[in-house]
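Architecture at a glance
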Amino acid sequence: MALLNAGRLDPVGGAAPDRRSSTAQGADAAVAVQQAVGQDPYFPANGDPRYRVHRYELTLDYRPGPNRLAGTARINAIAGRAPLTEFQLNLADFKIGRVRVDERQTHYTHRGGRLRVRPAKPVRAGAAFTVEVHWSGNPKPVASPWGGLGWEELTDGALVASQPVGAPSWYPCNDRPADKASYLISVTTPSAYSVVAGGRLLTRTAKASTTTWVYEQSAPTSSYLVGLAIGKYQTVLLGDPGPGGVPQHGHIPAHLLPEFSRDFARQPAMMELFQELFGPYPFEEYAVVVTDEELDVPVEAQGLSLFGANHVDGARGSERLVAHELAHQWFGNSVSIADWRHIWLNEGFAKYAEWLWSERSGGRSAHQLAAAAHRLLSDQPQDLRLADPGRKAMFDDRLYERGGLTLHAIRCALGDEAFFLMLRSWVRLHRGGSVTTPALVSHVSRFADEPADALFEAWVYGGPLPPLPLPGTRTAV
Ligand SMILES: [Zn+2]
């Protein structure tokens, strides 16, 4: 999850204010009916299910001093089952220079974070089309109940952490987690700065005083998971990937290198363990960035995780978070959620991965950690439903703990062998796609000797906390 310099989760934060004008809201009503299917119930203003994007090519120029961003996006998209007379991208309050569809100038309106485009000629049902958008301005985070999301200007650089709806703070996108696309990202910035984005660095070209960094992320990527860090970093290779291994780089302020070297020393072992338990790492490489500022929590992005200076202490004080963010590469990033109601499929799995890492690296066992989580939850309100927690509770600590406990309950019911087969199969079947809670229920039932309906009814669809599950007699991992 993404919380930058915001307070801890605000349980009474309520819904994000609707800052749209009443006219805009009225105009929305007509399309609301059309869009009812596939629109995110938690964030109905974000994303447009009437089309999907398969590639974004973003060309950005960023000046850290004045915090000035100028960008061009070429978006390759495909219309859905109906002709598109208009469609929507999400983009924050920038100056728009030009919008073209299939190389033709087009009408648009830009209000309340929505860029509504009306092509000169409707796009035929199922047809491919290209949108080009030019924009510029001073990027800033999108306001949300969880603090600012998206583009964050740092004292010396910038950072992007968008979960769940911060992506439009820096580029125009069809902002829904299930609309996954490949990305080519080119960033030009003063040469003193490094640019880190998830994916493979294709080229780095220095000109007079600026350098252009071009990254390719070929795996299908949700808009909120496009990460970016611009700062003064030293780059190190973690471990020796060996032939066929996953290259893992760290990008760290030079003065934090000693602490980082100790705190992330076991990440290559984590990578090995998670590949054994979950299947092959889903992307070409993995990078971690440590910013020179504090972050409330680390943030996952595609092929990349971002940590704050407060997450390195030279004593492995945040190692469980190193495991948590790495696990998101499988659960959340490669296997994504169809909409935000299913967020426990990201966070519960990443929480359980923390426990598995502990168990396999000489720490407390998953069962001991599950018992501790169970004690913690016993004293808290029991009105949270994992399957559809509501927008206010989607980052509630209880969702993480109960999500981890639910995985533990499934493991206890299936036994280790079937449980890990089930996990690897889940990751393999849905690689690059998106999933829902009902899909997990039917998937698990294929690996269970007995119906798992009661387990899901109690843990995922029910409110009251079920009793702590007990491991069966089968062999532990
Ligand atoms: Zn997480």
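Computed from a predicted model, the values in this text were never measured in an experiment.

Some remarks on the sheet that holds strand β12 (residues 194-197)
The strand order β9-β10-β15-β12 describes an open sheet built from four strands, whose pairing is antiparallel. If you trace the sheet from one side to the other, it starts and ends with β9 (150-154) and β12, each paired once. In this sheet, adjacent strand axes meet at a mean angle of 15 degrees when their direction is disregarded. Inspection of the sheet shows β12 paired to strand β15 (residues 228-231) by four bridges, in the antiparallel sense. From the neighbouring strand, Val196 faces β15, where its bridge partner is Ala229.

Observations regarding the domain arrangement of the protein
Its domain assignment divides the protein into domain 1 (22-26 + 336-461) and domain 2 (27-327). A separation of 26 Å is found between the C-alpha centroids of domain 1 and domain 2. Counting from both sides, the interface comprises 37 residues of domain 1 and, opposite them, 34 residues of domain 2. A combined buried area of about 3,200 Å² lies between domain 1 and domain 2, and 59% of that area is made up of carbon and sulfur atoms. Of all residues in domain 1, the largest losses of buried area upon contact with domain 2 belong to Trp340, Trp357 and Arg391, amounting jointly to 26% of the total for that side. Taken together, the links from domain 1 to domain 2 amount to two salt bridges. Linking domain 1 with domain 2 are 15 residue pairs in polar contact (both at pLDDT 80 or more), by the criterion used here.

Thoughts on the coordination of the zinc ion
Looking at the zinc ion, one finds its protein donor set to be His324 (NE2), His328 (NE2) and Glu347 (OE), positioned 2.0 to 2.1 Å from the metal centre. Overall, the relative accessible area of 5% leaves His324 in the buried class.

Things to note about the confidence of the model for the protein
Averaged over every residue, the pLDDT of the protein is 91; residues scoring 70 or more account for 91%. Low pLDDT, under 50, characterises residues 1-37; the stretch is placed with 66 contacts to residues that sit more than four places away or in other chains.

Focus: the sheet that holds strand β5 (residues 104-105)
Read across the sheet, eight strands follow the order β5-β4-β8-β2-β1-β11-β14-β13 without closing on themselves; strand pairing throughout is mixed. Two strands lie at the open edges of the sheet, namely β5 and β13 (200-206), each paired on one side alone. Relative to strand β11 (residues 181-190), strand β1 (residues 51-63) is paired through seven bridges, and the arrangement is parallel. Pairing of Tyr56 across the sheet is with Tyr183, part of β11.

Some thoughts on the pattern of salt bridges
What the rule picks out here adds up to 24 salt bridges. Here Glu284 ties to Arg200 by a salt bridge, and the two come within 3.0 Å at their closest N and O atoms. Taken together, the residues span a long stretch of sequence, with Glu284 in the loop between α3 (267-278) and β18 (286-290) and Arg200 in strand β13 at a distance of 84 residues. Classification of Arg200 as partly exposed rests on a relative accessible area of 36%. Through salt bridges that share partners, Arg74, Arg98, Arg100, Glu103 and Glu132 make up one connected network.

A short note on the packing of aromatic side chains
One pass over the full model with this rule turns up 26 aromatic pairs. Relative to Tyr183, the ring of Tyr56 lies with its centre 4.6 Å away and its plane at 10 degrees, an arrangement referred to as stacked. Here Tyr56 is found in strand β1, whereas its partner Tyr183 is found in strand β11, with 127 residues between them in sequence. With respect to burial, Tyr56 and Tyr183 carry one shared label: buried. Ring centres 4.8 Å apart and planes at 65 degrees place the aromatic pair Tyr62 and Trp151 in the edge-to-face group. Remark: Trp151 occurs in strand β9 and Tyr62 occurs in strand β1; sequence separation between them is 89 residues. Classification of Tyr62 as buried rests on a relative accessible area of 0%. Overall, Trp151 belongs to the buried group, its relative accessible area being 1%. Linked through ring pairs, Phe274, Phe278, Tyr281, Phe283, Tyr286, Trp330, Phe331, Trp344 and Phe349 together constitute an aromatic cluster.

Some points on the environment of Ala353
One can find Ala353 in helix α5 (residues 344-360). Among the residues examined, Ala353 registers a relative accessible area of 0% and is labelled buried. Other than its neighbours up to four places away in sequence, Ala353 contacts Phe274, Phe278 and Ala327.

Each value, and the rule that gives it
- Here the residue index of a chain counts from 1 through its sequence in written order.
- Totals for whole chains, interfaces and linings use every residue, but because this is a predicted model, local features are given only for residues with pLDDT of at least 70 and side-chain atom pairs only at 80 or more, for both listing and counting.
- Side-chain metrics in this entry use all non-hydrogen atoms of the structure; hydrogen atoms and water are not considered.
- Following DSSP output, two strands are said to pair if at least two bridges run between them.
- Working definition: helices are DSSP H or I runs of at least four residues, strands are E runs of at least two. Numbering for both runs from the N terminus.
- Only the contacting stretch of a helix is used when fitting its axis, a line to C-alpha atoms as for every element, and angles between N-to-C directions run 0 to 180 degrees.
- The domain limits used here are those given by an automatic or database domain assignment.
- Throughout, a contact is declared for two residues whenever any of their heavy atoms are within 4.5 Å.
- Put simply, buried area is the surface a 1.4 Å probe can reach on two separate parts but cannot reach once they are joined, added for both.
- For this analysis, a salt bridge means a side-chain nitrogen from Lys or Arg found within 4 Å of a carboxyl oxygen belonging to Asp or Glu.
- A 3.5 Å cut-off defines polar contacts: any pair of N or O atoms within that distance qualifies, except that in protein one atom must be a possible hydrogen donor and the other a possible acceptor, and neighbouring residues in sequence count only when both atoms are side-chain atoms.
- Only nitrogen, oxygen and sulfur atoms qualify as donors, and only when within 2.8 Å of the metal (3.2 Å in the case of Na, K and Ca); with water excluded, sites may look incomplete.
- For every residue, the accessible area obtained with a 1.4 Å probe (protein chains only) is divided by the maximum for its type, and the residue is called buried under 20%, exposed over 50%, and partly exposed between those limits.
- Across the chain, each position has a pLDDT score giving the predictor's confidence in that residue, from 0 to 100.
- In this scheme Phe, Tyr and Trp rings, the latter by its six-membered ring, pair at centre separations within 6.5 Å, and the angle between planes marks the pair as stacked below 30 degrees, edge-to-face above 60, and tilted otherwise.

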